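# Structural characterization, general
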Amino acid sequence: MAQALAPVTALLLAISFLILGHGLQSTLLPLAGSEAGFSELAIGLVSSSYFFGMVLGCLGAPYVIMRAGHIRAFAALVSLMSAAAILHPVLVEPVAWSLIRVVSGFCLAGFYMIVESWLNEQASNENRGTIMSIYIVIVNASMTVGQLSLTGMDVTTFVPFAVASVAVSLAVIPVSLTTANQPAPITVVSFRPVKLYRNSPTALVAALLIGVTQGALWMMAPLYAIQMGLSTNEAAYFTAAIIGAGALAQWPIGRISDRFDRRFVLLGLSGAAVVVGLVFIGAPITGLAVALVMALLAGVAIQPSYAIAVSHAFDHADRDDYVETSSGMILAFGIGSSIGPLSAAYLMQTVGPWGLFLQIAAVQALLGLYILSRLFQRAAPTLEEKTDFDYASTAQVGSVLTPEPLDIEDPQVISPEEFPAYETDPEADENLVQEETFATAEDEEETGDDEAAPLAESETGETRATDEPEAREPDPGSTDEISSRAAGTTSDKEGAGEDTKTDGPAETPDKRGE
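Described below are features of the structure shown in this document. (Residues numbered from 1 in each chain as written. Predicted model: local features only at pLDDT ≥ 70, side-chain atom pairs only at ≥ 80, totals over all residues. Heavy atoms only, no water.)

## Here we look at the overall build of the chain
Along the chain, the regular secondary structure elements total 19 helices and two strands. Looking at the chain as a whole, 52% of its 514 residues qualify as buried. For the chain, the share of sequence-separated contacts (at least 6 apart) that also reach a separation of at least 24 residues comes to 87%. Element-wise, carbon and sulfur atoms account for 60% of the exposed surface of the chain, whose accessible area totals about 23,200 Å². (Helix = DSSP H or I, 4+ residues; strand = E, 2+ residues; numbered from the N terminus. Buried < 20%, exposed > 50% of the residue type's maximum accessible area, 1.4 Å probe, protein only. Contact = heavy atoms within 4.5 Å. Areas by Shrake-Rupley, 256 points an atom, 1.4 Å probe, with all protein chains shown as cover.)

Shown next as structure tokens:
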């Protein structure tokens with residue numbers, strides 16, 4: 001286990017920092033907006049804007065990564081998200097907060113895409129399931145810790161926004177210092193709802209409607225809690241209980257769905273969500289203990305549904321279509337999540353706090369009726385035709401995850417060699433080659449001259465000894481000898497390889513010496 005996690009430890013640490021800051025913001029903003037006097041509808045708009053940014057990020061972030069490269073895109077997106085977090089207390093206005101949340105959603109989608117591409121690249125076929133499951137556990141745990149970290153902070157001050165910004169900024173450090181290989185394939189998200197609907201109508205409709213209810217629950221639960229009389233600290237506990245319970249329930253419910261028609265499991269979950277919604281409407285929460293119990297029930301009944309819907313989509317998809325299926329389900333969920341908080345906020349503003357669970361009960365009832373109609377129109381896949389439930393590829397993390405490693409031959413999978421950021425300039429490469437060739441030729445020429453000089457000097461010395469036996473032999477350190485060597489070297493450099501005249505050059509040293 002430790003050996004498998006060693007190459008991705010820096011990435012997992014970066015994920016924990018950023019998601020902690022994101023979780024803190026998700027609970028903080030509805031509470032701070034309420035304290036600032038925002039209406040329910042305004043808070044719903046701010047919350048929906050985040051999911052709208054996520055949808056834009058799923059579509060646009062791959063091109064940012066291909067243009068800038070993994071590490072630069074990562075640093076830019078995380079820095080921008082950190083700056084966005086710290087802007088909330090500076091620009092206290094619903095429209096400004098909505099625009100800031102669009103930016104945050106875009107950045108988070110790109111962040112997920114980059115770290116998951118690295119995780120996929122580092123994982124092998126043997127440990128991929130383990131690594132990706134640990135990744136999802138860290139995401140859910142960090143989200144819960146971020147929500148709980150709000151306790152003890154005053155939401156009307158600058159402090160919680162600063163803490164969220166610092167946590168997001170810290171995510172840059174582990175990745176910047178890692179020595180792991182950075183370039184990795186990424187997926188380009190496409191949304192072909194007609195094809196996805198033909199493959200699995202239940203999965204597509206479920207992803208859309210589940211997005212409506214889960215987006216509303218995640219973002220509006222803190223506002224519901226304080227409107228029902230809980231403190232800001234208790235509202236943080238209430239929201240964290242929903243997320244934590246849902247994350248824990250996802251795996252066992254997913255494994256149960258492997259043994260039955262997943263539509264029956266979806267139908268059971270939607271029925272449970274309707275019941276929980278009606279309980280919240282008919283028996284409003286009184287005190288923290290009751291609130292936590294009801295939050296746990298809401299998390300278990302509502303949150304695992306998306307994972308079952310994605311697994312059902314994979315059951316009906318070819319292996320070559322896993323990437324497209326996953327991306328289509330994410331976008332359907334994101335579109336639904338963009339609608340959910342705003343519609344729930346309208347009901348909360350119209351009928352009261354319990355309007356949140358009125359929306360959840362109504363949408364889940366609609367989903368149940370649709371699933372029930374589909375049971376009579378299409379037979380369930382056999383156990384041999386079904387894919388095993390995969391905890392990682394069915395999580396709501398806002399990026400493409402598949403039950404199997406990415407296939408580089410898939411047209412929606414882009415390898416690093418195709419990124420403009422990693423392309424080399426052919427003209428620059430040619431110039432570099434020419435410069436290196438020219439430099440090598442100069443070095444060889446200088447080396448040849450240096451080797452030729454002693455040889456020429458030796459040959460000249462032999463000529464002197466033969467032609468002028470009576471010539472005076474200078475002392476080794478005399479001026480004559482030094483001048484003779486200088487003249488000989490100059491002569492060699494000017495004309496290496498030429499025939500030496502025995503009469504002329506022999507007298508030159510003596511004349512210069514005189």
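## Considering a nonpolar patch on the surface
Together, Leu-41, Leu-45, Leu-342 and Tyr-346 make up a nonpolar patch on the protein surface, roughly 330 Å² of accessible area in all. For the nonpolar patch, the secondary structure elements donating two or more residues are helix H3 (40–68) and helix H15 (322–351). Relative to the helices and strands, Leu-41 is located in helix H3. Judged by its relative accessible area of 33%, Leu-41 falls in the partly exposed class. (Patch = residues over 30% accessible without salt bridge, like charges linked within 9 Å, V, L, I, M, F, W, Y side chains within 5 Å. Salt bridge = Lys/Arg side-chain N within 4 Å of Asp/Glu carboxyl O.)

## As for the side chain of Arg-263
For Arg-263, the location among the structural elements is in helix H12 (residues 262–282). Engagement of the side chain of Arg-263 in a polar contact is seen with the side chain of Asp-261, the distance being 2.9 Å. With residues up to four places along the chain from it excluded, the contact list for Arg-263 reads Thr-202, His-312, Ile-371, Arg-374, Leu-375, Arg-378, Ala-379 and Ala-380. (Polar contact = N/O pair within 3.5 Å; in protein donor to acceptor, adjacent residues only side chain to side chain.)

## Quick notes on the nonpolar core
General note: in soluble globular proteins, nonpolar side chains tend to be found buried as a group. Core analysis: the biggest nonpolar cluster contains 75 residues, and Phe-111 and Tyr-135 have the highest contact counts within it. Excluding anything up to four places from it in sequence, Phe-111 contacts Ala-14, Ile-15, Leu-18, Ile-19, Phe-74, Leu-77 and Val-78. Core analysis: the next-biggest nonpolar cluster, separate from the first, contains 45 residues, Leu-24, Ile-242, Ile-285 and Leu-356 among them. (Core = buried A, V, L, I, M, F, W, Y, C linked by side-chain atoms within 4.5 Å.)

Spatial relationships are all this shows, so hold off on functional conclusions.
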